[in-house]
Amino acid sequence: MAPWASLAITALGWLICFTLQGLIVSVIWVSLYHLIRRFPHWNLPFTLPVLWSLGLWFLNQHPIGLPWGFLAYSQVDIPLIRKSTYSLTFFGLEGLILACNGLIWLWIQRRDVRPLALAMGCLGLSLVCGWRYPSPLSNTLNQTPALAIQGNIPLEIERQEMTPEQREAHYGSLIKTALYQFPTSPHVVILPEGIIALHPEQWTLPRRFPQNIPILSGGTFYDHAESQPAAFNGALLFQPGEMTQRFSKRYLVPFGETTAFLPKLITEEWLPKAGLNLGLSFSPGQGSQPLFFLGNKKIGPLICFEALYPNLAWRYRNQKADMLVTFSNLSWYHQNPLLEKQFLAFNQFRASEAGIPLILATNTGISAFISERGYILTQSHSGKTEALTAETVLNLEE
């Protein structure tokens, strides 16, 4: 695709996203303005969390929405508050934060100590919920030791200089190096998003990978049930050598994996004929899909930015998953340190609110093993070629 076309599509996508988010925030504040004029100020601490949560929920479920702007993510470094999401839920913590802000605003405006006391009560509630967080639910990370590989392929090299076969060969070589250096063999090797690309009618692990150990990898594949196979971004489980399960990504990144509002007739037929091949051909997966089974353990996958969605962590909690795994490729953001830390925070919250340990496997960093309380057990270095377990980080650079 021509550079001018890429820039035009990017600009249009951002314009639509900004406009939609601005409209939702405007609706929230206009509604608050009229409610405060008609009803006492005491309604603010109750109406603000409801309006804000409903507005963001609508944005998150929208075809071009990404749940990026939750205030609760700013509290990830406070363990007691982070752990309170197990009891309060993530939206409950978000509501408490907004209620506290509304009450503090009332205290400043009216010079009344009662709103401040209620704000302290909200904070105390979240701390108590975090303090009463249950004991560890499982020893999954010990019972099912895993090895995550961070291959560190920059985006410009991956897109312009490497074929899918070369990418697979790179990660296959790193797996062999890591297995040679670790004293004990893991029960599963975990690879980031998009490492394995299965062609139609291909259901076996590429020969470039070790065939004698289970491999759980992010990858792309086709659904053969369709007369014209649909492409999916997702995760693949090989145990060993043969693919035993696949999982399709449910929330596609707007203007990255799909073009919102435009039917496939336009994106896959009309625009390519005009010389604009967007390459956005992924289809969304079903909302309810079977968990991965590795022995007697159940694994809940999160494909990249699905880690931003609190409802998915709760779904896996209800399904009694033993482990969560997030597959991602953050090379799109060129090792932006702020984004990598924020993405790590998303995953800490998903682990804590579900009460399930989580493994974050990324291509360029930060990869991490996270406990069911949201504590980071081990994490990789950004922009490094490394392998890690729940106890060790190993440098694989030559």
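Residues numbered from 1 in each chain as written. Predicted model: local features only at pLDDT ≥ 70, side-chain atom pairs only at ≥ 80, totals over all residues. Heavy atoms only, no water.

**Student:** Any chance you could explain the packing of helix α11 (residues 310–318) against helix α12 (residues 337–354) here in plain terms?
**Tutor:** Angle between the axes and distance between the axes: these two values describe a pair of packed helices. α12 packs onto α11 with a crossing angle of 35° between their chain directions and a minimal axis gap of 9 Å. You can see that α11 and α12 cross each other, and the crossing is right-handed. Residues Pro310, Ala313, Trp314 and Arg317 of α11 lie in contact with α12, whose contacting residues are Arg350, Glu353 and Ala354. Of the residues belonging to the contact of α11 with α12, the class tally is four nonpolar, no polar and three charged. (Axes fitted to C-alpha atoms, helices over the stretch in contact; angles between N-to-C directions. Helix = DSSP H or I, 4+ residues; strand = E, 2+ residues; numbered from the N terminus. Left-handed = near helix turned anticlockwise from the far one by under 90°. Contact = heavy atoms within 4.5 Å. Nonpolar A, V, L, I, M, F, W, Y, C, P; charged D, E, K, R; others polar.)

**Student:** How should I be thinking about the packing of aromatic side chains in this particular structure?
**Tutor:** Any aromatic ring pair is given by two values, namely how distant the centres are and how the planes are angled relative to each other. The tally for this structure, following the rule as stated, stands at 13 aromatic pairs. Note on Phe90 and Phe349: the rings are 5.4 Å apart at their centroids and 85° apart in plane angle, and the pair reads as edge-to-face. With Phe90 in helix α5 (residues 90–110) and Phe349 in helix α12, this pair connects stretches of sequence that are 259 residues apart. Here Phe90 and Phe349 have matching classes, each one buried. (Phe/Tyr/Trp six-rings, centres within 6.5 Å; stacked < 30°, edge-to-face > 60°. Buried < 20%, exposed > 50% of the residue type's maximum accessible area, 1.4 Å probe, protein only.)

**Student:** For this particular structure, what's the right way to read the state of the cysteines?
**Tutor:** A covalent bond bridging the sulfur atoms of two cysteines is what the word disulfide describes. All told, the structure shown has zero disulfides when counted by the stated rule. Left without a disulfide partner, Cys122 is nearest to the cysteine sulfur of Cys100, which lies 4.4 Å away. (Disulfide = S-S within 2.5 Å.)

**Student:** I tried to follow unusual backbone geometry on my own but got confused; where do I start?
**Tutor:** One can expect most non-glycine residues to show negative phi and most peptide bonds to be in trans. Cis geometry marks the peptide bond from Gly365 to Ile366, where omega comes out at 0°. Structurally, Ile366 can be placed in the loop between β9 (358–362) and β10 (368–370).

**Student:** Just to check I follow, could you spell out α12 for this structure?
**Tutor:** Because the α-helix completes a turn every 3.6 residues, residues three or four places apart line up on one side. Helix length check: α12, at 18 residues, gives a terminal C-alpha distance of 26 Å against a target of 26 Å (1.5 Å per residue), a fit within 8%. At the C-terminal side of α12, Gly355 shows a positive phi close to 70°. (Expected span 1.5 Å × (residues − 1).)

**Student:** What is the right way to read the pattern of salt bridges from this model?
**Tutor:** Where charged atoms from two side chains of opposite charge approach closely, those side chains can pair. Overall, the coordinates contain three salt bridges when judged by the stated rule. Here Glu168 makes a salt bridge to Arg208, at a shortest N to O gap of 3.2 Å. On the criterion of sequence distance, the pair formed by Glu168 in helix α9 (residues 164–181) and Arg208 in the loop between β2 (188–197) and β3 (215–223) is long-range, its members being 40 residues apart. With a relative accessible area of 4%, Glu168 lands in the buried category. Residue classification places Arg208 among the partly exposed positions, given a relative accessible area of 35%. A salt bridge links Arg250 to Glu306, with the nearest nitrogen and oxygen atoms 2.9 Å apart. (Salt bridge = Lys/Arg side-chain N within 4 Å of Asp/Glu carboxyl O.)

**Student:** Would you mind showing me how to read a nonpolar patch on the surface here?
**Tutor:** On the surface, Leu80, Met120, Leu123, Leu127, Val128 and Trp131 cluster together into a nonpolar patch covering about 560 Å² of accessible area. Ranked by the residues each element gives to the nonpolar patch, the list is headed by helix α6 (residues 113–131), at five residues. If you trace the backbone, Val128 turns up in helix α6. Residue classification places Val128 among the partly exposed positions, given a relative accessible area of 43%. (Patch = residues over 30% accessible without salt bridge, like charges linked within 9 Å, V, L, I, M, F, W, Y side chains within 5 Å. Areas by Shrake-Rupley, 256 points an atom, 1.4 Å probe, with all protein chains shown as cover.)

**Student:** I tried to follow the sheet that holds β10 on my own but got confused; where do I start?
**Tutor:** Strand order in the open sheet made by the six strands is β6-β7-β8-β9-β10-β11, with mixed pairing throughout. Each edge of the open sheet carries a strand with a single partner, namely β6 (292–294) and β11 (376–379). On average, adjacent strands in this sheet sit at an angle of 20° to one another, irrespective of strand direction. Two strands pair when backbone bridges link them, and β10 and β11 are joined in this way by three bridges, in the antiparallel orientation. Paired with Phe369 across the strands is Thr378, a residue of β11. (Pairing = 2+ DSSP bridges.)

**Student:** Honestly, the pairing of strand β1 (residues 146–150) in this entry has me stumped. Any pointers?
**Tutor:** Within a regular beta strand, the side chains point alternately toward one face of the sheet and then the other, so they alternate between its two faces. β1 sits mainly inside the fold: five of its five residues count as buried. Side chains of β1 alternate between two faces, with Ala146, Ala148 and Gln150 and Leu147 and Ile149 buried alike. Strand direction decides the pairing type here: β1 and β2, joined by three bridges, are parallel. Bridge assignment links Ala148 to a residue of β2, and that residue is Ile190.

**Student:** Sorry if this is basic, but what is going on with α5 here?
**Tutor:** Taking 1.5 Å of rise per residue, the 21 residues of α5 would be expected to cover 30 Å, and the 30 Å separating its terminal C-alpha atoms lies within 8% of that figure. Within α5 the residues assigned to the buried category are Phe90, Leu93, Glu94, Gly95, Leu96, Ile97, Leu98, Ala99, Cys100, Gly102, Leu103 and Leu106. With its phi angle positive at about 55°, Arg111 sits one or two positions after the end of α5.

**Student:** What should I look at first to understand the nonpolar core in this one?
**Tutor:** The nonpolar side chains of soluble globular proteins are, as a tendency, buried together. Within the largest apolar cluster, 66 residues are counted, with the highest numbers of intra-cluster contacts made by Ile190, Leu216, Val325, Phe343, Ile359 and Phe369. Sorting elements by how many residues they give to this core places α12 first, with eight residues. Within the second largest apolar cluster, 26 residues are counted, among which are Leu147, Leu174, Ile195 and Leu394. (Core = buried A, V, L, I, M, F, W, Y, C linked by side-chain atoms within 4.5 Å.)

**Student:** Explanation requested: the pairing of strand β5 (residues 243–248) in the structure shown.
**Tutor:** Note that strand β4 (residues 230–238) and β5 share five bridges and pair antiparallel. The residue of β5 that forms the bridge with Ala235 is Phe247. Here β4 folds back onto β5, and the loop between the two strands holds four residues, one of which, Gly241, carries a positive phi near 85°.

**Student:** Would you take a moment to explain the sheet that holds β4 for this structure?
**Tutor:** Strands in a sheet are paired, the pairing made by backbone hydrogen bonds, and the direction either parallel or antiparallel. Sheet architecture is open: seven strands sit in the order β5-β4-β3-β2-β1-β12-β13, paired in mixed fashion. The sheet is open, and its two edges are formed by β5 and β13 (393–395), each paired on a single side. Averaged over all pairs of adjacent strands, the angle between their axes in this sheet comes to 30°, without regard to strand direction. Each of β1, β2, β3, β12 (386–388) and β13 touches α9; the most contacted strand, β2, lies at about 170° to it.

**Student:** Got a minute to help me understand the environment of Tyr251 in this structure?
**Tutor:** Tracing the sequence through the fold places Tyr251 in the loop between β5 and α10 (264–273). Along the primary structure Tyr251 and Pro284 are separated by 33 residues, whereas in three dimensions their C-alpha atoms are 6.5 Å apart. Polar side-chain contacts of Tyr251 include one of 3.2 Å to the side chain of Asn311. (Polar contact = N/O pair within 3.5 Å; in protein donor to acceptor, adjacent residues only side chain to side chain.)

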